[in-house]
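So you can see what is in the structure, the chains are spelled out below.
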Amino acid sequence: MTAALSKYHDAEHVDRWFEQSLEMPLGKWVELGRKSVKRAVREVSLVCRHGDVQAVIERAKAETRKSNAGQKAKFSEASALMLVFVSLRVNGKMSLMAAVEMLMRMNWKQRRRLGITEVVENRQELMYDRVWAALARLRDLVDDEPGDRHEGMLFGEYLQAVANRDPEEMAARTRRRAELMSAIVHGSVLLLPQEIRDRSEGVHAIDATIAELVGMHKTFKNMKPTDKMPTNHGGGLYVRHGDHDGSKEGPGKRKYGQEIEYCIWVRNDPDADKDFPLLFTAIGDHKPGKLAGHGQKMLESLIANGIKIKTLIADRAYTPNAKVEDLQLPYAQHGVKLIMDYGIDQKGKQAFWASPDGKHNLVMCDGSWYLSSMPEALQLAEKTYADAKKAASKIEDETVREERIAAAHALVVLQRARRSRFRLEPRGRHRADGARQYFYPALRPEDRVDIDPQTAELVEITVPSKTVLIPGVIGGSKRDGENVKHLKYGQEFEYKSEKWRRMYGLRNTVESGNASVKNPEHLALGIAMKRLVRGPWFAALCAAMAAACENISRIVDWYQERLDLAHRNRKNRSHPAVYKQRDSAKYWADRRASTAPPDIPAAA
């Protein structure tokens, strides 16, 4: 007998899981309400404790500390960061003033959870200065674009400041910021009990989004030494199309900011139930378009945090457009299956391989290996279809245009069905050098002969063996662009097959996550005016805190969904009575109405 899905048993464990996650009952959490400082302090302190944020900051300070002498700060960098985190969780914005006002209203139990040991109760301006000084010390540890942000520098002065920076120190600051961002996000993942985290089979989607900064400047190419830089310098110009590098020539509206990379869990299979919350699992940041190497850093972050990754779904900015050494090869070496799309100029024949003994002769088309004897029309099927759509798009008559596209689509559907019979099936995972074994297809009788296009004679198509090992470097011994194209373009599932479509569609999960953290009514990462502390370093930390806040919300939402209460819906799920009375019949029968006391006057 088939075992029942986990969702039918999860309701029994929700209360236990919730208390493991947030150290309070679910009903109490709902009763406190979304704007509760007490609730936010509890959540933030747990995230930072699980992520060991204090230790990450202390290690960064130890790297730069010259001596242990001197008076200790009365407000720590970790406490300042957590205070801003709480403000984001409660108010949906990163305001230093709002955070200090909240500090002054907190009780001592809440302050202690944030590591705060001294508050001058009647001097809010003094506490503001202490919090700001702590953030400034944190900035000096993680800001790899340092410089005067009180007044805008001239462009010539900015270039001189950049030239005077120590490359090793800037690289260290970049690394420290990445470690701190990872600690925040991973701390929120660890709120989820291990038994639920283990349900993920390691399917992730990755994408980048822009966190805009206040300010703007022209492209450096068009700036003069006497032009003024924005006070919020250090960001880059972003454009939506291509590689998002707005400093290049080309069309598109420019935005100014820092690009944020998010990696997120997606369902194990398109048809699978949501057996676990779909959380952000890794994060990174960089100037728009400066993506080189960041895909590999995300992999290293996941491995370091012990998060399983078996499949990666990404858009063309990552795969196939990344350098093989930066993304495809390290992911292949770790056994990660890639699922990707291609641009029109990347479709069709992508790589060739013939074994030295002449036994094997293969061609890679649209990410899969096929017998090179497969008809030419099938090898170019996707390229031909893309070209036909592009040509049809220029036809002004809508009826004719749609007929051309429909005819081209009907043809490519037939070609895909036949082409799949010539495809080699991947076996196992890639080896350390990028090599991988494949199963040859079992050809049907009608596929065993073809007509030679040059001689018009019948030729026999044969399968040389059951399996074949395709090396990591083809066509030579040196690993360069031409010799690793099969790693650059290769993917797990046949392009445009039903399996590929359903799996690639899971990439929408990361797009949805981006939209959630940028929602103006939620975390407002997309609104620069809601985080006025200057510098891309702060935007990056805010992006990590926003992802952690979204993870908390997704964990709680998942618990509430697991309860599967018949009387719970979007109109009442925020009321504690729903969770206190789990019996639907009793919930609807118990209707306690209240009326205004007689001494309360009616509205005028």
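To start, this report covers the structure provided alongside it.

Rules behind the numbers
- Residues numbered from 1 in each chain as written.
- Predicted model: local features only at pLDDT ≥ 70, side-chain atom pairs only at ≥ 80, totals over all residues.
- Heavy atoms only, no water.
- Axes fitted to C-alpha atoms, helices over the stretch in contact; angles between N-to-C directions.
- Helix = DSSP H or I, 4+ residues; strand = E, 2+ residues; numbered from the N terminus.
- Parallel < 35°, antiparallel > 145°, perpendicular 65-115°, else oblique.
- Contact = heavy atoms within 4.5 Å.
- Nonpolar A, V, L, I, M, F, W, Y, C, P; charged D, E, K, R; others polar.
- Salt bridge = Lys/Arg side-chain N within 4 Å of Asp/Glu carboxyl O.
- Buried < 20%, exposed > 50% of the residue type's maximum accessible area, 1.4 Å probe, protein only.
- Phe/Tyr/Trp six-rings, centres within 6.5 Å; stacked < 30°, edge-to-face > 60°.
- Lys NZ or Arg CZ within 6 Å of the ring centre and 35° of its normal.
- Expected span 1.5 Å × (residues − 1).
- Left-handed = near helix turned anticlockwise from the far one by under 90°.
- Pairing = 2+ DSSP bridges.

## Points about the packing of helix 20 (residues 508-518) against helix 21 (residues 536-563)
Working step 1: Contact geometry of helix 20 with helix 21 gives a least axis separation of 10 Å together with a crossing angle of 105°. Considering their axes alone, helix 20 and helix 21 lie roughly perpendicular with respect to each other. Between helix 20 and helix 21, the residues in contact are Ser512, Gly513, Ser516 and Val517 and Ala546, Ala547, Glu550 and Arg554, respectively.
Working step 2: Here the residues of the contact of helix 20 with helix 21 are counted per class, giving three nonpolar, three polar and two charged.

## Describing the pattern of salt bridges
Working step 1: Applying the stated rule across the entire model yields 42 salt bridges.
Working step 2: The salt bridge involving Glu145 is made with Lys287; its shortest N-O contact spans 3.3 Å. Residue Glu145 is found in the loop between helix 9 (124-142) and helix 10 (155-164), and its partner Lys287 is found in the loop between strand 4 (280-286) and helix 13 (294-304); the two are separated by 142 residues along the sequence.
Working step 3: A relative accessible area of 27% means that Lys287 is categorised as partly exposed.
Working step 4: One network of salt bridges, with partners in common, ties together Glu63, Glu169, Arg173, Arg175, Arg176 and Glu179.

## Some points on the packing of aromatic side chains
Any two aromatic rings considered together are summarised by their centre-to-centre distance and by the angle between their planes.
Working step 1: What the rule picks out here adds up to 13 aromatic pairs.
Working step 2: Through successive ring pairs, a cluster of aromatic residues spans Trp17, Phe18, Trp29, Trp558 and Tyr559.
Working step 3: Positioned above the aromatic ring of Tyr438, the side-chain terminus of Arg436 is 6.0 Å from the ring centre.

## Some remarks on helix 21
Working step 1: Taking 1.5 Å as the rise per residue, helix 21 with 28 residues should run 40 Å; its terminal C-alpha atoms sit 41 Å apart, in good agreement.
Working step 2: With 26 of 28 residues buried, helix 21 lies mostly within the body of the structure.

## A word on the packing of helix 6 (residues 77-91) against helix 21
Helix-helix packing is described using two parameters, namely the angle between the two axes and the distance between the axes.
Working step 1: Closest axis-to-axis distance for the helix 6/helix 21 pair is 10 Å, and the angle between their directions is 55°. The orientation of helix 6 with respect to helix 21, classified from their angle, is oblique. The handedness of the crossing between helix 6 and helix 21 comes out as right-handed. Contacts between helix 6 and helix 21 involve Leu81, Val84, Phe85, Leu88 and Arg89 from the first element and Phe538, Leu541, Cys542, Met545, Ala546, Ala548, Cys549, Ile552 and Ser553 from the second.
Working step 2: Residues of the contact of helix 6 with helix 21, tallied by class, amount to twelve nonpolar, one polar and one charged.

## Quick notes on the pairing of strand 7 (residues 349-354)
Working step 1: Alignment of strand 7 against strand 8 (residues 361-365), held across five bridges, turns out to be antiparallel. Bridging across to strand 8, Trp353 finds its partner in Leu362.
Working step 2: Counting the residues that bridge the hairpin from strand 7 to strand 8 gives six residues, and of these Gly358 lies at a positive phi of roughly 75°.

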